[in-house]
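Next come the chains, spelled out residue by residue.
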Amino acid sequence: MASGGGTIAALWTEVNRCGQSGDFTRALKSVNKILQECKDDVTALNCKVVCLIQNGNFKEALNVIHTHNKVFGSDVIAFEKAYCEYRLNRVENALKTIESASQQTDKLKELYGQVLYRLERYEECLTVYRDLIRNSQDDYEEERKTNLSAVVAALSAWEQAPPEDLGLPETSYELCYNSACTLIGQGRLPEAMKKLQEAEELCRQSLSEDSDMTEEDIDAELAVIHSQMAYVMQLQGRTEDALQLYNQVIKLKPTDVGLLAVTANNIITINKDQNVFDSKKKVKLTNADGVEHKLAKKQMQAIDFNKALLAMYTNQADQCRKLVASLQTQNPGHPRPVLIQVSQLCREKQHSKAIELLQRFSEKHPESASEIKLTMAQLYVVQGHVTKACDILRSIEDLKHKQGMISALVTMYSHEEDIDSAIDVFSQAIQHYQKHQPNLPAHLSLVREAANFKLKYGRKKEAISDLEQLWKQNPKDIHTLAQLISAYSLVDQEKAKSLSKHLPSADKMSFNVDVDELENSHGATYVRKKAAKVTGEILPKEQGQGDIKKKKKKKKGKLPKNCDPKATPDPERWLPMRERSYYRGRKKGKKKEQVGKGTQGATSGASGELDASKTASSPPTSPRPGTAGSSNVVPPRQQKPAASGATRKKPQQKKKKGGKGGW
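Residues numbered from 1 in each chain as written. Predicted model: local features only at pLDDT ≥ 70, side-chain atom pairs only at ≥ 80, totals over all residues. Heavy atoms only, no water.

## Brief notes about the overall build of the protein
Point 1. Counting secondary structure elements, the protein contains 32 helices and zero strands.
Point 2. For the protein, with 663 residues in total, the buried portion stands at 33%.
Point 3. Within the protein, residue pairs in contact and separated by at least 24 positions form 48% of the contacts whose partners lie at least 6 positions apart.
Point 4. Here the protein has roughly 46,200 Å² of accessible surface; of this, 50% comes from carbon and sulfur atoms. (Helix = DSSP H or I, 4+ residues; strand = E, 2+ residues; numbered from the N terminus. Buried < 20%, exposed > 50% of the residue type's maximum accessible area, 1.4 Å probe, protein only. Contact = heavy atoms within 4.5 Å. Areas by Shrake-Rupley, 256 points an atom, 1.4 Å probe, with all protein chains shown as cover.)

Below, the structure written as structure tokens:
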């Protein structure tokens, strides 16, 4: 017995020494030897669970706790059990374990805050961390403040809650980063970018002090900050800069799967329906194991929506339908999965099915009816059913009295030439504002637009009540009074005359207007011509001296050639030749002398002389020597054409351009 007790004591000494040095693998071996001797030793079992947790064997540690549940009891090892469940992503079970513990220790409260943060119960988590910071004093105070600032940032980002000023000092880059995230949630993007730059500087300073940290390690730590900076750039519209920074983060290949998934998703949103091949590669990064445990529900929801949209843009209809069905199961009341499905149906030109789907969803989920009905109206307009679209828009109770909706309805009814319905829209809106917001600028501007619309389409009788209301609000409005008088002139002339007395006199209505300035203004349709300026001194005119007009000399008209000015001109000279009384027409029988077919230059008049058969003694074809001077026959080449001959020259043919295949 003594030797056995000595062995166990030595083993406990070994366990203590290994625990202090951090060698939990050797400590676990010693604990197992102790448990071989004492199977139900609570301390040994507790040490075994701690060693397994330190080595990352959470599942095995939880199995030991469940196996020896009766030995441990309920409170002995509650923290270790809850921690194992939390690390195994069994967050709901961890919450039950913590809440069932009879004694809430500080470490259980710390874990309770982490569990509430993972469950996105941020208000409760904020209360827990406030209590911990107030009632604890140890070396982990800065970490608690960091966690508290992270909770505030989550409230601002995911629940749009106004952040409280907790007075947390931004002494570390984690605190500065969380403060920047809070500013992003508030929409204060320039301030958030400055905070992120401060966080980057603090991170570089703190990590460069560690000699073991390389430049690559520092860049990997800065990846989260850089990704958030790119997100701010994307929100500011600087998509090119954001895309460049996102790609730098991806090239670093960070170990945080959540960071990779968010960065890849943001790149896909920038690409949209362009650069689809790159988006297909990036979407694989969002499918890594454990991503769902690293991101908030809204982040995962956005990633799933973008996957469905990418499938739609890449014409993967079946894949798109599967993803949409999964999204509808996870988010039954969310309108976005239905809208994606409707977009897919519209790409397949099944507009009627799309409208039926929207109608069914709006009936089941009236809280999302506004967005759904707007989409239905758009589909009706695309199909050309404008009146149906107007009926859908008028059924949206939340929006039908908004000024933008009234403008859209009036425009659509005017396009369909349904003026009565457009006036009815104005009347209902005016009644609504008269009841809830009487005589406010929005109400009066609506009355003004209704009156102008009725006057535009000749409904002066209907515009009288609107104009009277406007004039009562502002009796000095001359324009409204003039419109009212014009409207009454068709209905009640006596009333129009009585109202005209309120018009100001002509003297009061005359304004000090600079005519020159008005004519020189932009958009003037008529400009009075100004007299040209005369350079030099203008001499004063003598009394009685009038302006001498210069007489222009008239030029004599030119007479035609061979014109006898003494002879009387032909009175029918202005008529065409055929219409004159002395025109006898062309004489038939006389033909123009034909051009001979002889050598070049020959005429018809000389052809008879050249015919040898008609002469008694034909001369020789060639002149004899010594007789050329005495011969009366002129050679053909020396003959001149007769004056009456009509010789025609053949038009010269144009040379064809060289080259094969020419025109």
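## With respect to helix α11 (residues 173–186)
Point 1. Here α11 spans 20 Å end to end across 14 residues, near enough to the 20 Å set by a 1.5 Å rise per residue.
Point 2. Every buried residue belonging to α11 is among Tyr 173, Leu 175, Cys 176, Tyr 177, Asn 178, Ser 179, Ala 180, Cys 181, Thr 182, Leu 183 and Ile 184, and all of these are buried.
Point 3. Phi turns positive, to about 85°, at Gly 187, one or two residues after α11. (Expected span 1.5 Å × (residues − 1).)

## Points about the UniProt feature "repeat: TPR" (unreviewed entry) in the protein
Point 1. Here the UniProt feature "repeat: TPR" (unreviewed entry) sits at residues 223–256.
Point 2. End C-alpha to end C-alpha, residues 223–256 measures 10 Å, and it is 76% helix and 0% strand. (UniProt positions renumbered as here; feature names shortened; annotations may be inferred.)

## So, the pattern of salt bridges
Any two side chains of opposite charge can pair, given that their charged atoms come close.
Point 1. Under the criterion given, the structure shown has 18 salt bridges.
Point 2. Among the salt bridges present, the one from Glu 110 reaches Arg 144, with a minimum N-O distance of 2.3 Å. One end of the pair, Glu 110, is in helix α8 (residues 106–118); the other, Arg 144, is in helix α10 (residues 141–158), and 34 residues separate them in sequence.
Point 3. Arg 144 sits in the buried class, given a relative accessible area of 6%.
Point 4. Among the ionic pairs, Asp 138 bridges to Arg 144, the shortest N-O distance being 2.6 Å.
Point 5. Residue classification places Asp 138 among the partly exposed positions, given a relative accessible area of 33%.
Point 6. The network of salt bridges with common partners includes Glu 14, Arg 17 and Arg 26. (Salt bridge = Lys/Arg side-chain N within 4 Å of Asp/Glu carboxyl O.)

## Some details on the packing of α11 against helix α13 (residues 215–235)
Point 1. In the contact formed by α11 and α13, the axes pass within 12 Å of each other and the chain directions differ by 20°. Our classification of the angle between α11 and α13 gives roughly parallel. Seen from above, α11 lies across α13 with left-handed handedness. Residue-level contacts link Tyr 173, Tyr 177, Cys 181 and Ile 184 of α11 to Glu 221, Val 224, Ile 225, Gln 228, Tyr 231, Val 232 and Leu 235 of α13.
Point 2. A per-class count over the contact of α11 with α13 returns nine nonpolar, one polar and one charged. (Axes fitted to C-alpha atoms, helices over the stretch in contact; angles between N-to-C directions. Parallel < 35°, antiparallel > 145°, perpendicular 65-115°, else oblique. Left-handed = near helix turned anticlockwise from the far one by under 90°. Nonpolar A, V, L, I, M, F, W, Y, C, P; charged D, E, K, R; others polar.)

## Description of unusual backbone geometry
Point 1. A positive phi is found at Asn 89, a non-glycine position, where the angle reads about 65°.
Point 2. The partly exposed category is assigned to Asn 89, whose relative accessible area is 32%.
Point 3. Backbone geometry places Lys 253, a non-glycine residue, at a positive phi of 55°.
Point 4. Considering the arrangement of structural elements, one finds Lys 253 in the loop between α14 (239–251) and α15 (257–271).
Point 5. On the basis of relative accessible area, Lys 253 is assigned to the exposed category, the value being 68%.

## Considerations on the packing of aromatic side chains
Point 1. Inspection of the entire model under this criterion finds five aromatic pairs.
Point 2. Geometrically, the ring pair formed by Phe 79 and Tyr 83 is stacked, given 6.1 Å between the ring centres and 20° between the ring planes. On the criterion of helical spacing, the pair formed by Phe 79 and Tyr 83 is a turn pair, its members being four residues apart in helix α6 (residues 78–87).
Point 3. Using a relative accessible area of 24% as the deciding quantity, one classes Tyr 83 as partly exposed.
Point 4. Here the aromatic rings of Phe 426 and Phe 453 are separated by 5.7 Å at their centres, their planes lie at 50°, and the arrangement is tilted. With Phe 426 in helix α25 (residues 419–436) and Phe 453 in helix α26 (residues 441–456), the pair connects residues that are 27 residues apart, well separated along the chain. Per residue, the accessibility class of Phe 426 equals that of Phe 453, and both read buried. (Phe/Tyr/Trp six-rings, centres within 6.5 Å; stacked < 30°, edge-to-face > 60°.)

## A few points about the side chain of Ser 172
Point 1. Note on placement: Ser 172 falls in the loop between α10 and α11.
Point 2. With a relative accessible area of 10%, Ser 172 lands in the buried category.
Point 3. If near-sequence neighbours (up to four positions away) are discounted, Ser 172 is found in contact with Glu 142, Thr 146 and Leu 202.

## Details of the packing of helix α20 (residues 335–347) against helix α22 (residues 369–383)
Point 1. In the contact formed by α20 and α22, the axes pass within 11 Å of each other and the chain directions differ by 10°. Considering the angle they form, α20 stands roughly parallel to α22. Helix-helix and strand crossings are classified by hand; for α20 and α22 the assignment is right-handed. Here Pro 335, Leu 339, Val 342 and Cys 346 of α20 come into contact with α22, specifically with Glu 371, Ile 372, Thr 375 and Leu 379.
Point 2. Tallied by class, the residues present in the contact of α20 with α22 amount to six nonpolar, one polar and one charged.

## A look at the environment of Ile 133
Point 1. With respect to the element layout, Ile 133 can be found in helix α9 (residues 122–135).
Point 2. Between the C-alpha atoms of Ile 133 and Leu 148, which are 15 residues apart in sequence, the distance is 9.1 Å.
Point 3. In contact with Ile 133, other than residues within four places in its own chain, are Arg 144, Lys 145 and Leu 148.

## Remarks on the confidence of the model for the protein
Point 1. Across the protein, pLDDT averages 81, with 80% of residues at or above 70.
Point 2. Per-residue pLDDT stays below 50 along residues 535–539; that stretch engages in zero contacts with residues further than four places along the chain or on separate chains.
Point 3. Note that residues 658–663 has pLDDT below 50 and, in this model, zero contacts with residues that lie over four places away or in other chains. (pLDDT = per-residue confidence, 0-100.)

## Thoughts on the environment of Gln 104
Point 1. With respect to the helices, strands and loops of the structure, Gln 104 is situated in the loop between α7 (91–100) and α8.
Point 2. Between the alpha carbons of Gln 104 and Ala 78 there is a distance of 9.8 Å; along the sequence they are 26 residues apart.
Point 3. For Gln 104, the residues in contact, after removing those within four places along its chain, are Ile 98, Glu 99 and Lys 109.
Point 4. Within the local environment of Gln 104, its side chain forms a polar contact with the backbone oxygen of Ile 98, the two atoms lying 2.9 Å apart. (Polar contact = N/O pair within 3.5 Å; in protein donor to acceptor, adjacent residues only side chain to side chain.)

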